[in-house]
Amino acid sequence: MLQNTKNTNNSILKVKILFLIIIGICIFNQKNVFAETAVIKKQLILSESKKELKDTFHFNEIGISASTLTGTGLYYNIVFNNKFRLGITGLYVLENGGDSDNRHTYNFGINIQPTLFNLDFQPADNLHIRSYVLIGAGYYADKQVEYKDKEGHLGVGLGLNAIFLNRFSFFLELTYQYDYNYLSKSEKIGLGGSGGIGVMF
């Protein structure tokens, strides 16, 4: 028992160290992200060719996704620029089971996506490929009178995003994550995955 606890603690420590290293790298590489975003938005406002800029750069993305890390549901990505995105995922389902037996299922997730590289294929509007690092967390709960399930997730990973016609987005992600079940007090570390489709606007 003591050996298992020691091994679990060592695994958790390794995951935490991995998170810190990746976050440090991302912060170092993304130090000019917000300044660049401000410049892009300023150009968008001041440029005489506003429509042309708007057609070639979108600041938002919405769609549906399924993920072992951030959960299943609607997602919304804020596209700061080609180097950085912030994603939010959420879902709430209410099943009517009577006055006191309603079932509530919900999850919420958040992630940041520092870009590794971008590839454009000619003509550029037809296909754009983006590879990125994913750092995220998620929470899931299923409750009917009492909790049936309640979980938390924390992880890092790599993602590949394909954008067609400068509008339609499709992505796949591979994650390495830490999962914790609040009811059984159990912990798990392993691989996970995500996928989704969306529209940029």
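Residues numbered from 1 in each chain as written. Predicted model: local features only at pLDDT ≥ 70, side-chain atom pairs only at ≥ 80, totals over all residues. Heavy atoms only, no water.

Engineer: Hey, could you run me through the overall build of the chain in this one?
Structural biologist: Each helix and strand in the chain was counted, giving three helices and eight strands. Shown N-terminal to C-terminal, the secondary structure of the chain runs as helices and strands in the order α-α-α-β-β-β-β-β-β-β-β. Evaluated residue by residue, the chain yields a buried proportion of 36% over its 201 residues. Across the chain, the fraction of contacts at a sequence separation of at least 24, relative to all contacts at a separation of at least 6, is 54%. (Helix = DSSP H or I, 4+ residues; strand = E, 2+ residues; numbered from the N terminus. Buried < 20%, exposed > 50% of the residue type's maximum accessible area, 1.4 Å probe, protein only. Contact = heavy atoms within 4.5 Å.)

Engineer: Whenever I open this one, the confidence of the model for the chain confuses me. Can you help?
Structural biologist: In low-pLDDT segments, the atomic positions of the prediction should not be examined closely. The share of residues in the chain with pLDDT of 70 or more is 68%, and the mean pLDDT across the chain is 81. Across the chain, strand β7 (residues 168-181) holds the top mean pLDDT of 97, while helix α3 (residues 50-56) sits lowest at 44. Note that pLDDT drops below 50 for residues 44-55; the model gives that stretch eight contacts with residues more than four away or on any other chain. (pLDDT = per-residue confidence, 0-100.)

Engineer: For this particular structure, what's the right way to read the packing of aromatic side chains?
Structural biologist: A ring pair, where both rings are aromatic, is described by two values, the distance of the centres and the angle of the planes. Within this structure, the stated rule accounts for six aromatic pairs. The interplanar angle of 85° and the centroid separation of 5.5 Å between the aromatic rings of Y75 and F171 together place this pair among those described as edge-to-face. In this pair, Y75 sits in strand β2 (residues 73-81) while F171 sits in strand β7, placing the two residues 96 residues apart along the sequence. Here the two residues Y75 and F171 agree in accessibility, since each one is buried. Ring plane angle 45° and centroid distance 5.5 Å describe the contact between F80 and F84, whose orientation is recorded as tilted. In textbook terms, an aromatic cluster arises when at least three aromatic residues are bridged by ring pairs, as seen for Y92, Y106, Y139, Y180 and Y182. Taking the ring centre of Y147 as reference, the NZ or CZ of K150 above it sits at 4.4 Å. The aromatic ring of Y182 is capped on one face by K150, whose charged end is 5.7 Å from the ring centroid. (Phe/Tyr/Trp six-rings, centres within 6.5 Å; stacked < 30°, edge-to-face > 60°. Lys NZ or Arg CZ within 6 Å of the ring centre and 35° of its normal.)

Engineer: Help me out: how do you make sense of unusual backbone geometry in this one?
Structural biologist: Residues other than glycine predominantly adopt negative phi, and peptide bonds predominantly adopt the trans conformation. With a phi close to 60°, N166 is a non-glycine residue in the positive phi region. Take N166: it is sitting in the loop between β6 (146-164) and β7. The phi dihedral of K185 falls on the positive side, at around 60°, and the residue is not glycine. Secondary-structure assignment places K185 in the loop between β7 and β8 (186-200). In this structure K185 comes out as exposed when scored by relative accessible area, which is 57%.

Engineer: Could you clarify how one ought to interpret the nonpolar core in this entry?
Structural biologist: One recurring pattern in soluble globular proteins is that nonpolar side chains are buried together. L69, Y75, Y132, L134 and F171 form the largest nonpolar core, which has five residues in total. Those residues within four positions of L134 in sequence are excluded, and the remaining contacts are L69, N111, I112, Q113, G155, V156, G157, E173 and T175. (Core = buried A, V, L, I, M, F, W, Y, C linked by side-chain atoms within 4.5 Å.)

Engineer: Is there a simple way to explain the environment of H128 in this structure?
Structural biologist: Along the polypeptide, H128 turns up in strand β5 (residues 127-144). We classify H128 as buried; its relative accessible area is 13%. Along the sequence, H128 and A162 sit 34 residues apart, while their C-alpha atoms lie 5.8 Å from each other. Beyond its immediate stretch of four places on either side in the chain, H128 contacts N118, L119, D120, N161, A162 and I163.

Engineer: How should I be thinking about the pattern of salt bridges in this particular structure?
Structural biologist: Side chains bearing opposite charge may pair, as long as their charged atoms lie close to each other. Within the structure shown, the criterion is met by two salt bridges. Residue D142 is joined to R103 by a salt bridge in which the shortest nitrogen-to-oxygen separation is 2.6 Å. Within this pair, whereas D142 is found in strand β5, its partner R103 is found in strand β4 (residues 103-121), the two being separated by 39 residues in sequence. We classify D142 as buried; its relative accessible area is 6%. According to the relative accessible area criterion, R103 is partly exposed, its value standing at 25%. (Salt bridge = Lys/Arg side-chain N within 4 Å of Asp/Glu carboxyl O.)

Engineer: Please clarify how the side chain of T70 should be interpreted in this entry.
Structural biologist: With respect to the element layout, T70 can be found in the loop between β1 (60-67) and β2. Among the residues examined, T70 registers a relative accessible area of 7% and is labelled buried.

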